[in-house]
Amino acid sequence: MKNVDDLIASAAELADRGLSKGEIADELNVSRETASWLVERSGAATKPEPAQKPDGPHDIHVDWNAIGSGGKRLTYVGRALADLLMETGKEADVTIGIEKAGVPLATSVSRELETSLGSYAPAKHQWDEGDIEDLGGGFSRNFAPVDGKDCFIVDDTVTSGTTLRETIDSLRSEGGEPLACVVIVDKQGVDEIDGVPVYSLINVVRVGEK
């Protein structure tokens, strides 16, 4: 398990590789605010300060590298996500993976459910500073079209729900119909977003926070 110092070092490494803060947030499965704090912290001193200082944002880091680094394990998790979607009783034409981590998961889900495969790149991948509302995401033309299609949406984690909401809005704008969203970990306890149900394998509950 990574501690805060490890996350600061990881954020610094990713920033040095040229990733935006939004991409860093995606890679570390933390909020944009947390990613920004980690990057700024990494440049504050040559050696990261002790992790005990309670001046960082409240967030939960999810590291599912043990799943993502094994094709067989990833397939099993994809089957579990597909099983959640099958319990809805709904049938989709397209399974959409939210880049980056959601795409390999969606690939496994689409294979299990025998749907076409779509891919969505969210605006946060472009975000570094400023208002993310000024940016836009988009569906890849290298994958299945979504116009007129019933769709499932797949991602790895729910941090704030912003990315799922953006994907739902973009899908509706493209003429598609979102039936349900599914993730590995839900850090917010989200049941639905804009009328679309959200299902998760793991639901993280914060105890003792106001």
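Residues numbered from 1 in each chain as written. Predicted model: local features only at pLDDT ≥ 70, side-chain atom pairs only at ≥ 80, totals over all residues. Heavy atoms only, no water.

Student: Tell me what's going on with the pattern of salt bridges, and back it up with residues and numbers.
Tutor: As a working rule, side chains carrying opposite charge can pair if their charged atoms are close by. Across all of its chains, the model carries two salt bridges by this definition. Arginine 79 is the salt-bridge partner of glutamate 112, the closest N and O atoms lying 3.7 Å from each other. In this pair, glutamate 112 is assigned in helix 6 (residues 102–113) and arginine 79 in helix 5 (residues 71–86), connecting sequence segments 33 residues apart. Under the relative-accessibility criterion, glutamate 112 is labelled partly exposed at 37%. Look at arginine 79 and you get partly exposed, because its relative accessible area is 40%. Residue arginine 165 pairs with aspartate 194 through a salt bridge whose shortest N-O separation is 3.7 Å. Pair noted here: arginine 165 is in helix 7 (residues 162–173) and aspartate 194 is in the loop between strand 7 (192–193) and strand 8 (196–203), with a separation of 29 residues, a long-range link. (Salt bridge = Lys/Arg side-chain N within 4 Å of Asp/Glu carboxyl O. Helix = DSSP H or I, 4+ residues; strand = E, 2+ residues; numbered from the N terminus. Buried < 20%, exposed > 50% of the residue type's maximum accessible area, 1.4 Å probe, protein only.)

Student: Explain the environment of lysine 21 to me, and be specific about the residues and the numbers.
Tutor: Take lysine 21: it is sitting in helix 2 (residues 21–28). A relative accessible area of 9% means that lysine 21 is categorised as buried. In this structure, the C-alpha to C-alpha distance between lysine 21 and tryptophan 37, residues 16 residues apart in sequence, is 9.6 Å.

Student: Describe in detail the nonpolar core, supporting the description with residues and values.
Tutor: Counting residues in hydrophobic clusters, the biggest one holds 23 residues, and the most contacted among them are Trp64, Leu81 and Leu105. Of all the elements in the fold, those that place two or more residues in this core are helix 5, helix 6, strand 4 (150–154) and strand 6 (177–186). Counting residues per element, this core draws most heavily on helix 5, which supplies six residues. (Core = buried A, V, L, I, M, F, W, Y, C linked by side-chain atoms within 4.5 Å.)

Student: Residue-level account of unusual backbone geometry, with values.
Tutor: Cis peptide bonds are those with omega within 30 degrees of zero, and the linkage from glutamate 99 to lysine 100 qualifies with 0°. When you line up the elements, lysine 100 lands in the loop between strand 1 (94–98) and helix 6. Phi angles above zero are rare outside glycine, and glutamate 114 is one such case at about 60°. The residue glutamate 114 is located in the loop between helix 6 and strand 2 (116–121) in this model. Overall, glutamate 114 belongs to the exposed group, its relative accessible area being 73%. A positive phi angle is found at aspartate 194, which is not glycine, with a value near 50°. With a relative accessible area of 36%, aspartate 194 lands in the partly exposed category.

Student: Quick one: what's the story with the packing of helix 5 against helix 6, residue by residue and with numbers?
Tutor: At their nearest, the axes of helix 5 and helix 6 sit 8 Å apart, and the two run at 60° to each other. Relative to helix 6, the element helix 5 is oriented oblique. Between helix 5 and helix 6 lies a crossing whose hand is right-handed. Along the contact surface, helix 5 presents Leu74, Thr75, Val77, Gly78, Arg79, Leu81, Ala82, Leu85 and Met86, while helix 6 presents Pro104, Leu105, Ser108, Val109, Glu112 and Leu113. (Axes fitted to C-alpha atoms, helices over the stretch in contact; angles between N-to-C directions. Parallel < 35°, antiparallel > 145°, perpendicular 65-115°, else oblique. Left-handed = near helix turned anticlockwise from the far one by under 90°. Contact = heavy atoms within 4.5 Å.)

Student: I'd like to hear about the environment of serine 119, residue by residue, with values.
Tutor: Mapped onto the elements, serine 119 comes out in strand 2. Since its relative accessible area comes to 2%, serine 119 is described here as buried. Residues serine 119 and valine 154, spaced 35 residues apart in sequence, show a C-alpha to C-alpha distance of 9.6 Å. Other than its neighbours up to four places away in sequence, serine 119 contacts Ile96, Gly97, Glu99, Val103, Gly138, Phe139, Ser140 and Phe143. In terms of polar contacts, serine 119 uses its side chain to reach the side chain of glutamate 99, at 2.7 Å. (Polar contact = N/O pair within 3.5 Å; in protein donor to acceptor, adjacent residues only side chain to side chain.)

Student: I'd like a rundown of the pairing of strand 4, residues and numbers included.
Tutor: Of all five residues that make up strand 4, four are buried, and the element is covered over most of its length. Note that strand 1 and strand 4 share four bridges and pair parallel. Bridge pairing in strand 4 links valine 94 to cysteine 151. Bridge count between strand 4 and strand 6: five bridges; the pairing is parallel. Looking across to strand 6, one finds that isoleucine 153 is bridged to cysteine 181. (Pairing = 2+ DSSP bridges.)

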